[in-house]
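The lines below spell out each chain.
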Amino acid sequence: MRTSTLVVVFVLSLASSVFAQEWREYINARDGFRVDFPGEPQIVETTWTTEFGYTLPARVYSATRGLERYSMTAVDYNGIEQQGWERSKKCAPGAETCQGQTGGVLFRVIGPSYAIQDIRGALLWASLKFIQRDAKVTAFHWSFTDLVEGYQLHLTNGDESRTFVSIYMHENRLYVMEGTVPKGYPEPGLFQQSLGFVDKAGNVLRYEAVYSNEFHGLRIYDPPPLRRGGGAGAAPGGQGAR
């Protein structure tokens, strides 16, 4: 009986410790995002391999809450065009599959050594990584947050835990959010819906029309105008969106 009592006390203590982890808004002006984490996230410098084999700098921000796991991976695609030019110089003359498009009307579509096409396909490439996991995809849909477009995926893993993924791209930076909760736990909606974007001074950015990185990030068109006013607590505006 004493052993049972000690177990109950330990479980209650653990539960109290877990729920004591307060969610807080985390703002990172360097990588241009804000998101709610259960506590201060750990940061790991890493790299990201793109669809066309470029290696880009990335950072992973992660936190746990008991058995729940949350992470944000931010990948900077802004240096990929320069890498494309460097790669194209090493290609044999006329080898379009290596050189890509270094001029003409298709330059801003494909770019040197497919660097710009790599930016255009970044959302789908990141999505494919989750689709190829040993898990069942139960939802995959277009979404937006603060009118920046992206995708959301829901997966059920082999141990019946659930993973909710949000993938967005803003100003040629890719954002991959991943929240995983055990079987029977509420979905990590607070984490998913808290994502927003900030400028270099940490000011919140909200658009008046849909922002699409493949057009606005690449400056094919000017970005939509920003909304004036409206604090960080604006109400959700659609499925998985704010």
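This text follows the structure it describes.
Residues numbered from 1 in each chain as written. Predicted model: local features only at pLDDT ≥ 70, side-chain atom pairs only at ≥ 80, totals over all residues. Heavy atoms only, no water.

1. A closer look at a nonpolar patch on the surface
Move 1: A cluster of nonpolar residues, Leu124, Leu128, Ile131, Val137 and Phe140, forms a patch on the protein surface that exposes about 400 Å² of accessible area.
Move 2: Secondary structure elements with two or more residues in the nonpolar patch: helix 5 (122–131) and strand 6 (135–145).
Move 3: Among the secondary structure elements, Val137 is positioned in strand 6.
Move 4: Accessibility expressed as a relative area gives 32% for Val137, which makes it partly exposed. (Patch = residues over 30% accessible without salt bridge, like charges linked within 9 Å, V, L, I, M, F, W, Y side chains within 5 Å. Areas by Shrake-Rupley, 256 points an atom, 1.4 Å probe, with all protein chains shown as cover. Salt bridge = Lys/Arg side-chain N within 4 Å of Asp/Glu carboxyl O. Helix = DSSP H or I, 4+ residues; strand = E, 2+ residues; numbered from the N terminus. Buried < 20%, exposed > 50% of the residue type's maximum accessible area, 1.4 Å probe, protein only.)

2. Structural notes on the sheet that holds strand 1 (residues 23–28)
Note on sheets: strands pair through backbone hydrogen bonds, and any given pair is parallel or antiparallel.
Move 1: If you walk across this open sheet you meet the 4 strands as 1-2-10-11, and the pairing is antiparallel. The sheet terminates laterally at strand 1 and strand 11 (204–205), the two strands that pair on one side only.
Move 2: Where strand 1 lies against strand 2 (residues 33–38), 6 bridges are found, and the strand directions are antiparallel. In the sheet register, Arg24 faces strand 2, and the bridge partner there is Phe37. (Pairing = 2+ DSSP bridges.)

3. So, unusual backbone geometry
Move 1: Unlike most non-glycine residues, Tyr114 shows phi in positive territory, near 65 degrees.
Move 2: Among the structural elements, Tyr114 can be located in the loop between helix 3 (96–99) and helix 4 (115–120).

4. Describing the side chain of Ser143
Move 1: Relative to the helices and strands, Ser143 is located in strand 6.
Move 2: Within the structure, Ser143 has its side chain in polar contact with the side chain of Tyr168 (distance 3.3 Å). (Polar contact = N/O pair within 3.5 Å; in protein donor to acceptor, adjacent residues only side chain to side chain.)

5. A closer look at the packing of aromatic side chains
Move 1: Inspection of the entire model under this criterion finds 15 aromatic pairs.
Move 2: Ring centres 5.6 Å apart and planes at 65 degrees place the aromatic pair Phe140 and Tyr151 in the edge-to-face group. Taken together, the residues span a long stretch of sequence, with Phe140 in strand 6 and Tyr151 in strand 7 (residues 148–157) at a distance of 11 residues.
Move 3: Following the ring pairs from residue to residue traces out a cluster consisting of Trp23, Tyr26, Phe33, Phe37, Tyr61, Tyr70, Tyr175, Phe191 and Phe197.
Move 4: It is Arg87 that lies over the ring of Tyr54; its NZ or CZ is 3.7 Å from the centre.
Move 5: Lying across the ring of Phe215, Arg120 places its NZ or CZ 5.9 Å from the centre. (Phe/Tyr/Trp six-rings, centres within 6.5 Å; stacked < 30°, edge-to-face > 60°. Lys NZ or Arg CZ within 6 Å of the ring centre and 35° of its normal.)

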